[in-house]
Amino acid sequence: MNNLQIPENYHSPLTIRETEVAIKEVKDHFERALAKSLHLTRVSAPLFVRPESGLNDNLNGVERPVAFGIKEQEDREVEIVHSLAKWKRYALKRYGFHSGEGLYTDMSAIRRDEDTDNIHSIYVDQWDWEKVISKEERNMETLEYTVGKVYSALKETEAYMARRYNYIEEFLPDEISFITSQELETMYPDKTPKEREYHFAKAKGAVFIKQIGKTLASGQRHDGRAPDYDDWELNGDIIVYYPVLDIALELSSMGIRVDEDALRRQLKEACCEERAEMDFQKALLNGKLPYTVGGGIGQSRICMFYLRKAHIGEVQSSIWPDDVLEEAASRGVYLL
């Protein structure tokens, strides 16, 4: 299916080569700003993990991971990561991080079941970050404070790119707005979750939608979340209004991670209590992992946003349907 949308009269001021230079500038500046804002240390990360470890992100529970057998180990199977949401918490413990300290890493993933369009690709690249907190800090105040720190890095990077490239205008608001998924449903009861995000983001410019994954008054969820990393009462998404495509654009998913009680509750609600027997989940339930807050920030998403591109394929190299490639090229949009 061709889901390509090219705005009328769209033209990128940057050539492909100039775009590649600008991508590096965005990534270098934002990475430094994020690490400084949250006091993070960069670490290396795995591309694949063992299924029985419980470390892979199950996303909405229906996506199939890319898996392969290792010849040297009698074809023992491993999976390409979907994200590093749980691995980071394990790494904080193993590497000896303490309260107030955190890590970040470059994460590359393959999501074979993704429906691609202007902002979705089967290739996912993001900064995954995680920070140790105390049990007492597992509250909404900590979450909103941390969101503010991430948003300040986003604002700073937009200002930097606007100084470097005169066609880029700053349009992120000074402050990010907060709203729960239930408040959003109450505000727009006749709209879908994506429509609610669009209307609220367009009105505010930048929003953090809290409590994603829990069941709303309607009996529906705003969006799916795996039950064994985010606490559904203490998480959310950073979403900005993107005028180039006239859409709400999610840049980051983050949250305070589950403690023992939240994990048991959410595994039961998600009807997957058997996951409590996996290595990661057992370690958490036995109190062997630190309490943390963390998230992921899309690298290609923010490059697309800051460079005012119409398609994520203009800032990352992936695989696209032939008809999308042909139509994009015919309209002057060149996918890497």
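Counting restarts for each chain: residues are numbered from 1 in the order of the written sequence. Thresholds applied to this predicted model are a pLDDT of at least 70 for local features of residues and 80 or more for the giving and counting of side-chain atom pairs; totals over whole chains, interfaces and linings are not thresholded and use all residues. Only heavy atoms go into the side-chain values, all of them from the structure, while hydrogens and water stay out.

Q: Hey, could you go over the sheet that holds strand β4 (residues 76-80) for me, with residue numbers and the actual values?
A: The sheet built from three strands is open, its strands ordered β2-β4-β3 with antiparallel pairing. For this open sheet the edge positions go to β2 (48-49) and β3 (67-70), each flanked by a neighbour on one side alone. Each pair of strands is called paired provided DSSP finds at least two bridges between the two strands. A helix here means a DSSP run of H or I that spans at least four residues, while a strand means a run of E at least two residues long, and both kinds are numbered starting from the N terminus. In this sheet, β4 lies alongside β3 in antiparallel orientation, the contact comprising four bridges. Opposite A67, over in β4, you have E79 as the bridge partner.

Q: Before we move on, can you summarise empty space enclosed by the protein with the specific residues and values?
A: A 1.4 Å probe that fits but cannot get out identifies a cavity on a 1 Å grid over protein atoms alone, an open set with protein on both sides within 12 Å along at least five of seven lines counts as a pocket, and a residue lines either if it has an atom within 4 Å of a point. Grid points are joined across faces, edges and corners, and a volume is the space filled by probe spheres set on the points. The tally for this structure, following the rule as stated, stands at one cavity of 30 Å³ or more. Within this model, the largest cavity holds a volume of roughly 40 Å³. What lines the largest cavity is simply N3, L4, T116, D117, H311, W320, P321 and V324. Classes in brief: Ala, Val, Leu, Ile, Met, Phe, Trp, Tyr, Cys and Pro nonpolar; Asp, Glu, Lys and Arg charged; the others, Gly included, polar. Its residues assigned to classes, the lining of the largest cavity shows four nonpolar, three polar and one charged.

Q: Help me get a handle on the nonpolar core, residues and values and all.
A: Where a protein is soluble and globular, its nonpolar side chains tend to be buried together. For the purposes of this section, nonpolar cores are sets of buried Ala, Val, Leu, Ile, Met, Phe, Trp, Tyr and Cys residues that join through side-chain atoms within 4.5 Å. Note on exposure labels: buried denotes an accessible area under 20% of the residue type's maximum, exposed denotes more than 50%, and partly exposed covers the range between, all computed with a 1.4 Å probe on protein chains only. W129, V150, L154, I302 and L307 are the most contacted members of the largest nonpolar core, which totals 59 residues. Looking at this core element by element, the count peaks at nine residues for helix α3 (residues 140-164). Residues are treated as being in contact if the distance between any of their heavy atoms lies within 4.5 Å. With residues up to four places along the chain from it excluded, the contact list for I302 reads V26, F30, W127, L154, L251 and I297. Core analysis: the second largest hydrophobic core is formed by 25 residues, V49, A262, C272 and A276 among them.

Q: Describe the side chain of E79, with residues and values.
A: Mapped onto the fold, E79 is located in strand β4. One buried charge, E79, has no salt-bridge partner; the nearest side chain with opposite charge is R275, at 7.9 Å. Aside from chain neighbours lying at most four places away, what touches E79 is L47, F48, V49, P51, N56, P65, V66 and A67. Residues scored as charged are limited to Lys and Arg (positive) and Asp and Glu (negative), so that His and the chain ends carry no count. Salt bridges, as used here, are contacts in which a Lys or Arg side-chain nitrogen is within 4 Å of a carboxyl oxygen on Asp or Glu.

Q: Lay out the environment of L84 with the relevant residues and their values.
A: Relative to the elements of secondary structure, L84 occurs in the loop between β4 and α2 (87-94). Taking the C-alpha atoms as reference points, L84 and I302, separated by 218 residues in sequence, lie 19 Å from one another. Contacts of L84, omitting those with residues within four sequence positions, involve A45, P46, T105, M107 and D128.

Q: Can you explain the pairing of strand β5 (residues 102-110)? Please cite residues and give values.
A: The pairing of strand β1 (residues 40-42) with β5 spans three bridges and is parallel. The partner of T41 across the bridge, within β5, is L103. Of the strand pairs in this sheet, β5 and strand β6 (residues 123-133) are connected by nine bridges, and their pairing is antiparallel. Pairing of Y104 across the sheet is with W129, part of β6.

Q: Help me get a handle on the state of the cysteines, residues and values and all.
A: One covalent bond between the sulfur atoms of two cysteine residues makes up a disulfide. Cysteine sulfurs are considered disulfide-paired once they come within 2.5 Å of each other. Overall, the coordinates contain zero disulfides when judged by the stated rule. Residue C271 stays outside any disulfide, its sulfur separated by 7.6 Å from that of C272, the closest cysteine.

Q: Kindly report on the pairing of β4, identifying the contributing residues and their values.
A: Two strands pair when backbone bridges link them, and β2 and β4 are joined in this way by two bridges, in the antiparallel orientation. Each bridged residue has a counterpart across the sheet, and for F48 the counterpart in β4 is I80. Between β3 and β4, which pair antiparallel one after the other, the connecting turn spans five residues, and E74 there sits at a positive phi close to 55°.

Q: Please set out unusual backbone geometry residue by residue, giving values where relevant.
A: In the Ramachandran plot, Q211 falls in the positive-phi region, its phi being about 65° despite a non-glycine side chain. Given a relative accessible area of 14%, Q211 falls into the buried group. In this model, C271 sits at a positive phi of 60°, which is unusual for a non-glycine residue. Note on placement: C271 falls in the loop between α6 (260-269) and α7 (279-285). The exposure class of C271 is exposed, given its relative accessible area of 67%.

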